[in-house]
Amino acid sequence: MNWNRVLNIFSIMLCSLLLLTGCSSEASLQYADNRSDHLMIKKIEQQYQIWQKTPYRYGGNTLKGIDCSGLARNFYNEKVNIVIPRVTTEQSKLGEPVTKLKAGDLVFFKTGRGDTGLHVGIYYKDGRFLHVSTSKGVQFASLDSSYWKKRYWLAKRVVS
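The residue count restarts for each chain, going from 1 along the sequence in the order it is written. Given that this is a predicted model, residues contribute local features only at a pLDDT of at least 70 and side-chain atom pairs are listed and counted only at 80 or more, while totals for whole chains, interfaces and linings are drawn from all residues. The side-chain figures draw on all heavy atoms in the structure; neither hydrogens nor water molecules are used.

Any chance you could explain the packing of aromatic side chains here in plain terms?
The pairing test for Phe, Tyr and Trp rings, Trp by its six-membered ring, is centres within 6.5 Å, and the orientation test on the planes gives stacked under 30 degrees, edge-to-face over 60, and tilted for anything in between. Per the counting criterion, the structure on display carries ten aromatic pairs. Between Y31 and Y123, the ring centres sit 5.6 Å apart and the planes meet at 15 degrees, which makes this aromatic pair stacked. Of this pair, Y31 sits in strand β1 (residues 30-31) while Y123 sits in strand β7 (residues 118-123), and the two are 92 residues apart along the sequence. On the basis of relative accessibility, which here comes to 29%, the residue Y31 falls in the partly exposed class. Runs of E in the DSSP output that reach at least two residues are strands. Runs of H or I that reach at least four are helices, and both are numbered from the N terminus. Each residue's exposure class comes from its accessible area (1.4 Å probe, protein chains only) as a fraction of the maximum for that residue type: buried when under 20%, exposed when over 50%, partly exposed otherwise.

Next up, the structure:
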């Protein structure tokens, strides 16, 4: 038996396995709901009560129509008393990156829509986030759905 050949084949198989398992395109998110601020959860629920079913309107910022970055900005300004930028790309530069989501974290997606191709939502709990759907308006969605899971980009914590 040629041990050099066996060792080479084993090395190639091991490297291939490591490459395949280490290059997943989907981010691994965890939900730290038990560490979420209950007041923050209530604020997100209040935001939903005010804005639910408000239709999507690019650049909008009223109950007649709002876009994703407008909803996030309005939430932080009105409910958290923090002024954040109006544009999604600028919002994505705020805070600290996180992988264990807590209520109030901003979640970002690469949807390929609009000028920047980015979408933002506000993490709520149980793997759900508040956002503005282009077809259904302001609503909750699941990070675990195949659509959002495939497009997830990053999450940022603006409030410590």
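What should I look at first to understand the pairing of strand β9 (residues 137-142) in this one?
Along any regular strand the residues' side chains alternate between the sheet's two faces. What makes two strands pair is DSSP finding at least two bridges between them. Note: strand β8 (residues 128-133) against β9, six bridges, orientation antiparallel. Bridge pairing in β9 places V132 opposite V138.

I tried to follow the pattern of salt bridges on my own but got confused; where do I start?
Any two side chains of opposite charge can pair, given that their charged atoms come close. Only one rule defines a salt bridge in this text: a Lys or Arg side-chain nitrogen within 4 Å of an Asp or Glu carboxyl oxygen. All chains considered together, the criterion is met by four salt bridges. Here E90 and K93 are joined by a salt bridge, their closest N and O atoms 3.1 Å apart. Judged by its relative accessible area of 37%, E90 is partly exposed. Among the residues examined, K93 registers a relative accessible area of 58% and is labelled exposed. Between D105 and R157 there is a salt bridge, with its nearest N and O atoms 2.9 Å apart. One end of the pair, D105, is in the loop between β5 (100-101) and β6 (106-110); the other, R157, is in strand β10 (residues 152-157), and 52 residues separate them in sequence. Of the two residues, D105 and R157, both sit in the buried class.

What exactly am I supposed to notice about the pairing of β7 here?
Most of β7 is tucked away, with six of its six residues classed as buried. In this structure, β6 lies alongside β7, joined through five bridges in antiparallel fashion. Bridge pairing in β7 links L106 to I122. Hairpin connection, β7 to β8: the antiparallel pair is bridged by four residues, and D126 has positive phi, about 55 degrees.

Hey, could you run me through helix α2 (residues 38-51) in this one?
For the α-helix, the turn length of 3.6 residues means that residues three or four positions removed from each other point alike. Helix length check: α2, at 14 residues, gives a terminal C-alpha distance of 20 Å against a target of 20 Å (1.5 Å per residue), a fit within 8%. Among the residues making up α2, those that are buried are M40, I41, I44, Q47 and W51. Around the axis of α2, the buried residues are gathered within 120 degrees of arc, so they sit on the same side. Opposite the packed face of α2, turned more than 90 degrees from it, sit the exposed residues H38, L39 and Q49. Two residues or fewer after α2 comes K53, characterised by a positive phi angle close to 70 degrees. Multiplying 1.5 Å by the helix residue count minus one yields the expected span of that helix. Throughout, the arc means that of the directions going from the helix axis to the C-beta atoms.

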